[in-house]
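A look at the structure
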Amino acid sequence: MKISIAHSPDSDDAFMFYGLARGGVPTGDLEVTHQLTDIETLNRHAQEGRHEVTAISFHAYPSVADKYALMPCGGSIGDGYGPLLVAREALDPGRIAEKTVAVPGLLTSAYLALKLLAPDVETRVVPFDRILDEVKEGRADVGLIIHEGQLTYRGQGLVKVLDLGAWWKEETGLPLPMGGNAVRRDLGPERMAQLTRLVRATVRHSLENRAAALEYAMSFARGMDPKVADRFVGMWVNDMTLDIGDRGRLAVQTFLDRGHEAGVIPNRVVVDFVDA
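So, here's what we can say about the structure. (Residues numbered from 1 in each chain as written. Predicted model: local features only at pLDDT ≥ 70, side-chain atom pairs only at ≥ 80, totals over all residues. Heavy atoms only, no water.)

Moving on to the overall build of the protein. Helix and strand counts for the protein come out as 13 helices and 11 strands. Taken against the 2.2 N^0.38 rule, which gives 19 Å for 276 residues, the C-alpha radius of gyration of the protein at 18 Å falls within 12% of a compact globule. Principal-axis analysis of the C-alpha atoms places the extent of the protein at approximately 55 × 40 × 30 Å. Evaluated residue by residue, the protein yields a buried proportion of 58% over its 276 residues. Considering only contacts in the protein between residues 6 or more positions apart, those separated by 24 or more positions represent 76%. If the 30 positive side-chain charges of the protein are averaged to one point and the 38 negative ones to another, these points end up 1 Å apart. (Helix = DSSP H or I, 4+ residues; strand = E, 2+ residues; numbered from the N terminus. Rg over C-alpha atoms; globule rule 2.2 N^0.38 Å. Buried < 20%, exposed > 50% of the residue type's maximum accessible area, 1.4 Å probe, protein only. Contact = heavy atoms within 4.5 Å. Lys, Arg positive; Asp, Glu negative; His and termini not counted. Charge placed at Lys NZ, Arg CZ, Asp CG, Glu CD.)

Following this line, the structure appears as structure tokens:
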């Protein structure tokens, strides 16, 4: 059976899928292809049910819950850290609502966290890899930074306004769930469980073969210093990537419930994870 696994072309995703991409994890009767594109596009594609397995923002899950269940592995969850708000000069976080914020997409979890912080903030969608330039060149007051920009913004002469993951932990005591992997429901329970085990196996393989997986991931690191890439991967591929656990499940449900209560997410969902 042919299976399309879609994820972003970023060093952390590349790291966790190293085992599958380089044949270190056997796939049995499955012929796996990898589709790489940015997370906001993946969120839109999931609404169409385009891929059997796909990375999605947790914020996007309510809009695709009829087609997909979440995997309890392969997720990116920041415990006390997360997307950053950055600006050209120091800014009181309480004034964010007065500013124009460049955001990487309306279905990203970073956007949902921002709206929970500042419900009336004015935003403008900009491709994630152009947000730092957007702020630096004055086309936006503040940038909402995901991916490796979280570690490289100082090199652009920008300053941190707020870490949304730290803010969320202060608010709730929980980690901030950013992205997860979802599997299409029409495959049936057995195939969904098989694919979940496959994703967990590739994450485990990468963690157990860190040097080789990191070397592979560097080809997706957009010129990042290897030490920075290593730090970035360590932030987003860890024990909670192997298994989200009860605390992670609570974090996802709380995040989405608060999004619904704030009017950002139209429908409340009970988060559904594959049992595998």
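Counting 54 residues, the largest nonpolar core has Leu-85, Ile-96, Val-101, Leu-114 and Leu-256 as its most contacted members. In this view, Val-101 contacts Leu-85, Ile-96, Leu-114, Val-121, Glu-122, Thr-123, Arg-124, Val-142, Gly-143 and Leu-144; residues no more than four positions away in its chain are not counted. Among the nonpolar cores identified, the runner-up in size contains 30 residues, and Val-53, Met-192, Leu-214 and Ala-217 belong to it. (Core = buried A, V, L, I, M, F, W, Y, C linked by side-chain atoms within 4.5 Å.)

The next point concerns the environment of Gly-259. In this structure, Gly-259 sits in helix H13 (residues 245-261). By relative accessible area, Gly-259 is classed as buried at 0%. The spacing of Gly-259 and Met-240 is 19 residues in sequence and 22 Å in space, taken between C-alpha atoms. The contacts of Gly-259, once residues within four sequence positions are left out, are Leu-112, Leu-116, Val-264 and Ile-265.

Here the focus is helix H3 (residues 39-48). Side chains that are three or four residues apart share a direction in an α-helix, a result of its 3.6 residues per turn. The complete set of buried residues in H3 reads Ile-39, Glu-40, Leu-42, Asn-43, His-45 and Ala-46. Contacts made by the buried residues of H3 are with strand E1 (2-7), strand E3 (53-57), helix H4 (61-64) and strand E4 (68-70). Downstream of H3 by a residue or two, Gly-49 has a phi angle that is positive, lying close to 70 degrees.

Scanning all chains against the criterion turns up 16 salt bridges. When the shortest N-O distance is used, the salt bridge between Arg-44 and Glu-40 registers 3.3 Å. Residue Arg-44 and its partner Glu-40 are both found in helix H3; the two are separated by 4 residues, about one turn of the helix. Owing to a relative accessible area of 38%, Arg-44 belongs among the partly exposed residues under this scheme. Taking relative accessible area as the criterion, Glu-40 reaches 11% and is therefore assigned buried. (Salt bridge = Lys/Arg side-chain N within 4 Å of Asp/Glu carboxyl O.)

What follows deals with the side chain of Glu-52. One can find Glu-52 in the loop between H3 and E3. Overall, the relative accessible area of 13% leaves Glu-52 in the buried class. At 2.8 Å, the side chain of Glu-52 and the backbone nitrogen of Ser-4 are in polar contact. If we ignore the near neighbours within four places in the chain, the residues touching Glu-52 are Lys-2, Ile-3, Ser-4, Tyr-68, Ala-182, Val-183, Arg-184 and Leu-187. (Polar contact = N/O pair within 3.5 Å; in protein donor to acceptor, adjacent residues only side chain to side chain.)

Taken as a whole, the second largest pocket encloses approximately 180 Å³ of empty space. Around the second largest pocket, the lining residues are Tyr-81, Gly-82, Leu-84, Gln-150, Leu-151, Tyr-153, Arg-154, Lys-160, Asp-163, Arg-231 and Met-235. Of all the secondary structure elements, the ones that give two or more residues to the lining of the second largest pocket are helix H7 (149-152), strand E10 (159-163) and helix H11 (226-236). Looking at side-chain class alone, the lining of the second largest pocket contains 5 nonpolar, 2 polar and 4 charged residues. (1 Å grid on protein atoms, 1.4 Å probe; cavity = no way out; pocket = protein on both sides within 12 Å on 5 of 7 lines; lining within 4 Å. Points joined across faces, edges and corners; volume = space filled by probe spheres on them. Nonpolar A, V, L, I, M, F, W, Y, C, P; charged D, E, K, R; others polar.)

Before going further, it helps to examine the packing of helix H8 (residues 164-172) against H13. Direction vectors running N to C along H8 and H13 enclose 95 degrees, while the axes themselves pass 12 Å from each other. Comparing the axis directions of H8 and H13 gives the class roughly perpendicular. Together, Trp-168, Lys-169, Glu-171 and Thr-172 of H8 and Arg-247, Ala-251, Thr-254, Phe-255 and Arg-258 of H13 make up the contact between the two elements. Of the residues in the contact of H8 with H13, the class split is 3 nonpolar, 2 polar and 4 charged. (Axes fitted to C-alpha atoms, helices over the stretch in contact; angles between N-to-C directions. Parallel < 35°, antiparallel > 145°, perpendicular 65-115°, else oblique.)

Attention now moves to the pairing of strand E7 (residues 100-103). The side-chain alternation of E7 yields two buried faces, one formed by Thr-100 and Ala-102 and the other by Val-101 and Val-103. Sheet topology places E7 next to strand E8 (residues 122-125); 4 bridges connect them, and they run parallel. Note that in E8 the partner of Thr-100 across the bridge is Glu-122. On the question of chirality, the crossover connecting E7 to the parallel E8 by way of helix H5 (residues 109-117) is right-handed. Looking at chain direction, E7 and strand E9 (residues 142-145) are connected through 2 bridges and run parallel. In the strand pairing of E9, Ala-102 is matched with Gly-143. (Pairing = 2+ DSSP bridges. Right-handed = clockwise from strand over helix to strand, strands pointing away.)

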